[in-house]
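Structural overview
Residue strings, one per chain:
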Amino acid sequence: MKSAAKLGIVRSIEGDESANYFGVFGLLLSGKSSFSFDGNNCCPTRGGVNALLSFVCSILGKDICGASQGVGLDLQVRF
């Protein structure tokens, strides 16, 4: 099997699992807060929960990049 086909399979699985996760994500918030989650969206984010998820992902990405560079990994190198 070619690597492009394998990559397509992995992307398909990731997409399916993402849809499953965000399909029930609203249940995690129900009854516990005043936030409502009507589905994942981006560019631009709509709703408080999506804005919060986007903000947390931005901070997490910055922290991961900083930690990677701190141990000497060059994030500009691509394989």
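First, a word on scope: everything that follows refers to the structure included in this document.

Each value, and the rule that gives it
- Residue numbering note: each chain is counted from 1, following its sequence as written.
- Local features are withheld for residues below a pLDDT of 70 in this predicted model, meaning they are given only at 70 or higher, and side-chain atom pairs are given and counted only at 80 or more; totals for whole chains, interfaces and linings count all residues.
- Hydrogens are left out, water is left out, and the side-chain values use all remaining heavy atoms of the structure.
- Helix numbering and strand numbering both begin at the N terminus, where a helix is a DSSP run of H or I of at least 4 residues and a strand a DSSP run of E of at least 2.
- Here a polar contact is recorded for every N or O atom pair within 3.5 Å, except that within protein the pair must consist of a potential hydrogen donor and a potential acceptor, and residues adjacent in sequence are included only if both atoms are side-chain atoms.
- Contact between two residues is taken to exist if any of their heavy atoms lie within 4.5 Å; hydrogens are not considered.
- The salt bridge definition used is simple: a Lys or Arg side-chain nitrogen within 4 Å of an Asp or Glu carboxyl oxygen.
- Each helix should span, by expectation, one fewer than its residue count multiplied by 1.5 Å.
- Accessible area is worked out with a 1.4 Å probe on protein chains only. A residue is then buried under 20% of its type maximum, exposed over 50%, and partly exposed in between.
- Two axes enter the definition of the bend at a residue: one is fitted to the seven residues ending there, the other to the seven starting there, and the bend is the angle between them.
- Nonpolar side chains (Val, Leu, Ile, Met, Phe, Trp, Tyr) within 5 Å and like charges within 9 Å form the patches, drawn only from residues with over 30% relative accessible area and no salt bridge.
- Here the Shrake-Rupley method, with its probe set to 1.4 Å, supplies the accessible areas, and only the displayed protein chains count as covering residues.
- Stacked, tilted and edge-to-face are the three classes assigned to paired rings of Phe, Tyr and Trp, where Trp is represented by its six-membered ring and a pair needs centres within 6.5 Å; plane angles under 30 degrees give stacked, over 60 edge-to-face, the rest tilted.

**Let's talk about the side chain of serine 68**
When you line up the elements, serine 68 lands in helix α2 (residues 48-70). Polar contacts involving the side chain of serine 68 include one to the main-chain carbonyl oxygen of isoleucine 64, which spans 2.8 Å. Aside from chain neighbours lying at most four places away, what touches serine 68 is Leu73 and Leu75.

**Focus on the pattern of salt bridges**
Considering all chains together, one arrives at one salt bridge under this definition. Here lysine 62 ties to aspartate 63 by a salt bridge, and the two come within 3.1 Å at their closest N and O atoms.

**Comments concerning α2**
The first and last C-alpha atoms of α2 sit 33 Å apart over 23 residues, in line with the 33 Å expected at 1.5 Å per residue. For α2, the full list of buried residues reads Val49, Asn50 and Ser68. As for α2, its buried residues are in contact with α1 (3-29). Looking one or two places after α2, you find glycine 72, whose phi comes out positive at around 95°.

**A few points about α1**
For α1, with 27 residues, the first-to-last C-alpha span of 39 Å sits near the 39 Å given by 1.5 Å per residue. The sharpest bend along α1 reaches about 25° and sits at glycine 23.

**Section: a nonpolar patch on the surface**
On the surface, Leu52, Phe55, Val56 and Ile59 cluster together into a nonpolar patch covering about 370 Å² of accessible area. Its location among the elements puts phenylalanine 55 in helix α2. Judged by its relative accessible area of 52%, phenylalanine 55 is exposed.

**Brief notes about the packing of aromatic side chains**
Both the distance between ring centres and the angle between the ring planes are used here to describe each pair of aromatic rings. All told, the structure shown has three aromatic pairs when counted by the stated rule. When the ring of tyrosine 21 is compared with that of phenylalanine 25, the centres are 5.6 Å apart and the planes differ by 50°; the resulting orientation is tilted. In this pair, tyrosine 21 and phenylalanine 25 both sit in helix α1, four residues apart, roughly one turn of the helix. The partly exposed category is assigned to tyrosine 21, whose relative accessible area is 45%. For phenylalanine 25, a relative accessible area of 10% gives the class buried.

By themselves these figures say nothing about function.
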